[in-house]
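Descriptive analysis of the structure
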Amino acid sequence: MKKIVLFVVIVVAILASYSMAFAYKNTILVDGKPFYYNIPDVTIKIDGQNFDTGKTPPLILKDSTLIPVRVISEKGFGAKVEWDDKTKMVTITKGKTVKLTIGSDIALVDGKKVKLIAPARIIEISKEGYTYIPFRFLFETFDYKVEWDEKNYQINTTSPPKIVNIKNFDTNYNNGIFSINITGDNPIKYSQGVIEDTGNIRIYVDIENALWDKGKRDLEINKKSLLNAVIAQNQTKPIPKVRVVIYLKDMLPYGIVQSQDKTRLTISFDVGTSYVTGISFTKEGEYDKVIINADAEHFNTQRIGDNKIVVDISDAVLKMPDGNKAGQIPVEGSVITAIRYSQYNNDTVRVVADTTVKADYSVKILDKNIIMLVLKSQPNEMPLIYIDPGHGGSDPGAIGVGGLRESDVVLGIALKLNSLLTKDGFRTMMSRDSDVFVDLVTRSQEANNAGADVFISIHTNAFGTPTPKGTEIWYYPNGYKGDMRDNKTFAQIVYNNLMKEINTVDRGLKEGPNLSVLNKTKMPAILIETAFITNPDDADLLQDDAFQWKVAQGIYNGIVEYFKKLKEGSISTTVSNSVYDTNNANSNP
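Only a predicted model underlies this, so the values are computations on that prediction, with no experimental measurement involved.

Bringing the overall build of the protein into the picture now. A tally of helices and strands in the protein yields nine helices and 41 strands. Overall, the C-alpha framework of the protein stretches about 120 × 65 × 35 Å when taken along its three principal axes. The buried share among the 589 residues of the protein stands at 48%. When the accessible surface of the protein is totalled, it reaches about 28,800 Å², and 51% of it is carbon and sulfur. Computed over 69 positive and 70 negative side-chain charges, the inter-centroid distance for the protein is 7 Å.

What follows is the structure, given as structure tokens:
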């Protein structure tokens, strides 16, 4: 009896297996001809889940596995499917456009021809006609990964990763940790790497299948060795990629973590915290000298009105002997009457020197101290001009016609300008006087800390084609974000004088609120694009020594006229108290 039962069970199992293996039997019409179909059932799995094609099953004909276009396109991909009975054409639209013509083995994908292993055809099932095409073409065209399981007659597919729209790119600082945050609307998949050059370290993070629609964005950081972070769309095809690059002077400890839902990526750097442990005053010859005991690397200075010189020490905590978070030191200097200090915000210590009159000053770091020297302004003292030849060293700038380097051209012009100014008694500073790399933050900081009267950055322009040519000057928009400098007047005066000296195309003035050397400087500042290094005519001029002297002469003439008008009172200027801080610069201290 047991043997009989076992035999019946085995027979039932075999029959069940047989019925499953040959589940689909039917007479169908293929290209209008009857065909008795009796082949093992083909199943489709998308991301591990069975996909039901209803009354239009996948079919195997002449060693080709065919699938129904409409049900898979509409239900599987969420695509739009249209049928043109006149042309016998099927159009599938979702991100890309696919056109298939019945009887043809050529498909059009976004207008490009793609050959199919078998033609698109009408297959009639239960007196209804349906369009069928090779399975691999349809899935792979819409970026699905496809595998054919021959043993089980199964199509295994994996849907493409979801596109991540990067929604936010920002930074924050807390207790010595500086973080760069990237937020998307879907889980972020990324890879990372480090590129090290002398004095120029770049950490990059590539985000796959990602889109950033706000153009290139550059966040200035300037904390310890951290310089800035840039985000941009690195590529759009074949797979969209967003790249974030973080620039450093020296390597810092860092880590990358994701939120639990993987939609937020945080790159954190241990920049540490500096401490201000003491402030003292002394007289040194004709100078008033303020000594700030601080192991800081970065500070910003500004003059507010005629009677305040401010030093803001970033990434710093006030740790005075008395434990107070604010205080004042009365002094009797030649110019300084009091020194006030406070924990201005969570990561900034502010020191203010009150003066009886407008004073000249310089601030520098020396032996783990910040030294401020203050001197009463001399009535006949010549203005201090900060000259900034762009790029340099490992950053050659634009490469133009015949391999001409921007960094070489602008250095030549800057040295000539410096010669003209110093001969006339102007005081000058240069961001570089040789082919060396200087980061953007250092350029504006040096000018600010020296109390420069104007800032002039010299560049050459470039474009992807050789057609554009000419000269233009960029300035920070007057009044933008509360900035009080009259940069436009300075730009216009220099531009008028420059164009009198050189015979180039007049491209006029441009507003550049996102240019670091304009938005981080405190004094009137301009950036001069002397000519296009990528245009053959302009490039010939730029490498001509006589033309470089003309450029230098035009800028010099503009500087002379600008300060002449200031002295006459026909124009006025002021430094900005709004570029570094959004806080009230006049608050105490």
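Between its first and last C-alpha atoms helix α9 (residues 545-568) spans 35 Å; for 24 residues at 1.5 Å apiece the expected length is 34 Å, and the two agree. Within α9, burial applies to F547, Q548, V551, A552, G554, I555, Y556, G558, I559, Y562 and F563. If you follow the buried residues of α9, they end up packed against β36 (384-389), α4 (406-423), β38 (454-461), α6 (487-501), β41 (525-532) and α8 (536-542). Of the residues flanking the end of α9, it is G569, one or two places downstream, whose phi is positive at about 90 degrees.

On to the pattern of salt bridges. Close approach of charged atoms allows side chains of opposite charge to pair. Inspection of every chain in the model, using the stated rule, returns 22 salt bridges. The residue R443 makes a salt bridge to D388 at a minimum N-O spacing of 2.7 Å. Residue R443 is found in helix α5 (residues 440-450), and its partner D388 is found in strand β36; the two are separated by 55 residues along the sequence. The burial state of R443 is the same as that of D388; both residues are buried. In the salt-bridge network here, residues are joined through shared partners; they are R405, D408 and D435.

This part takes up the side chain of N497. With respect to the helices, strands and loops of the structure, N497 is situated in helix α6. Given the relative accessible area of 9%, N497 is considered buried. There is a polar contact of 2.8 Å between the side chain of N497 and the backbone oxygen of I493. Apart from residues no more than four positions distant in its own chain, N497 is found in contact with G554, N557, G558 and E561.

In terms of nonpolar packing, the biggest core is built from 41 residues, with I385, L417, I456, I458, I526, I555 and I559 touching the most fellow members. Looking at this core, the elements with two or more residues in it are β36, α4, β38, β39 (471-475), α6, β41, α8 and α9. Counting residues per element, this core draws most heavily on α9, at eight residues. In this structure L417 touches I387, I458, A552, I555, Y556 and I559, once residues within four positions along its chain are discounted. Counting residues in hydrophobic clusters, the runner-up holds 39 residues, among them L66, L100, F139 and I155.

Taken together, six strands build an open sheet; the order of strands is β37-β36-β38-β41-β39-β40 and the sheet is mixed. The sheet is open, and its two edges are formed by β37 (427-430) and β40 (506-511), each paired on a single side. Neighbour-to-neighbour, the strand axes of the sheet open up by a mean angle of 20 degrees, direction not taken into account. Relative to β40, β39 is paired through four bridges, and the arrangement is parallel. Bridge pairing in β40 places T471 opposite D506. Strands β36, β37, β38 and β41 of the sheet are contacted by α4, whose axis makes an angle of about 145 degrees with β38. Contacting β36, β37 and β38, α5 crosses the sheet at an angle of about 175 degrees to β36.

All right, on to the environment of K80 then. Mapped onto the secondary structure, K80 falls in strand β7 (residues 80-84). Expressed as a C-alpha distance, the spacing of K80 and L66, which sit 14 residues apart in the sequence, is 20 Å. If we ignore the near neighbours within four places in the chain, the residues touching K80 are T91, I92 and T93.

As paired elements, strand β10 (residues 106-109) and strand β11 (residues 112-115) share four bridges and run antiparallel to each other. Note on β11: the bridge partner recorded for V109 is K112. Counting the residues between successive antiparallel strands, the hairpin from β10 to β11 contains two residues, one of them, D110, with a positive phi of roughly 50 degrees.

A word on α6. Helical geometry: 3.6 residues make up each α-helical turn, so side chains three or four residues apart lie on a common side. With 15 residues, α6 extends 22 Å between its outermost C-alpha atoms, agreeing within 8% with the 21 Å of an ideal straight helix rising 1.5 Å per residue. Residues of α6 that are buried include every one of N487, F490, A491, I493, V494, Y495, N497, L498 and M499, and no others. Those residues of α6 that are buried are in contact with β38, β39, β40, β41 and α9.

A separate point is the sheet that holds strand β23 (residues 241-248). Pairing is antiparallel across the open sheet formed by five strands, whose spatial order is β18-β19-β23-β22-β21. Each end of this open sheet is capped by a strand with a single partner; those strands are β18 (190-197) and β21 (217-223). Pairs of neighbouring strands in the sheet enclose a mean axial angle of 20 degrees, with direction left out of account. Note that β18 and strand β19 (residues 200-208) share eight bridges and pair antiparallel. Residue pairing in the sheet places D197 in a bridge with N200 of β19.

Across all of its chains, the model carries 14 aromatic pairs by this definition. On the basis of an interplanar angle of 50 degrees and a centroid distance of 4.6 Å, the ring pair of F490 and Y562 is categorised as tilted. Of this pair, F490 sits in helix α6 while Y562 sits in helix α9, and the two are 72 residues apart along the sequence. Arranged with centres 5.2 Å apart and planes meeting at 80 degrees, the rings of Y562 and F563 form a pair that is edge-to-face. Each member of the pair, Y562 as well as F563, is classed as buried. Taken together, the aromatic side chains of F77, F139, F142 and Y144 make up a single cluster linked through ring pairs. A cation over a ring is seen here: K214 above W212, with NZ or CZ 5.0 Å from the ring centre. One cation-aromatic arrangement involves R350 over Y344; the distance from NZ or CZ to the ring centre is 3.9 Å.

Rules and cut-offs
- Residues numbered from 1 in each chain as written.
- Predicted model: local features only at pLDDT ≥ 70, side-chain atom pairs only at ≥ 80, totals over all residues.
- Heavy atoms only, no water.
- Helix = DSSP H or I, 4+ residues; strand = E, 2+ residues; numbered from the N terminus.
- Buried < 20%, exposed > 50% of the residue type's maximum accessible area, 1.4 Å probe, protein only.
- Areas by Shrake-Rupley, 256 points an atom, 1.4 Å probe, with all protein chains shown as cover.
- Lys, Arg positive; Asp, Glu negative; His and termini not counted.
- Charge placed at Lys NZ, Arg CZ, Asp CG, Glu CD.
- Expected span 1.5 Å × (residues − 1).
- Contact = heavy atoms within 4.5 Å.
- Salt bridge = Lys/Arg side-chain N within 4 Å of Asp/Glu carboxyl O.
- Polar contact = N/O pair within 3.5 Å; in protein donor to acceptor, adjacent residues only side chain to side chain.
- Core = buried A, V, L, I, M, F, W, Y, C linked by side-chain atoms within 4.5 Å.
- Pairing = 2+ DSSP bridges.
- Axes fitted to C-alpha atoms, helices over the stretch in contact; angles between N-to-C directions.
- Phe/Tyr/Trp six-rings, centres within 6.5 Å; stacked < 30°, edge-to-face > 60°.
- Lys NZ or Arg CZ within 6 Å of the ring centre and 35° of its normal.

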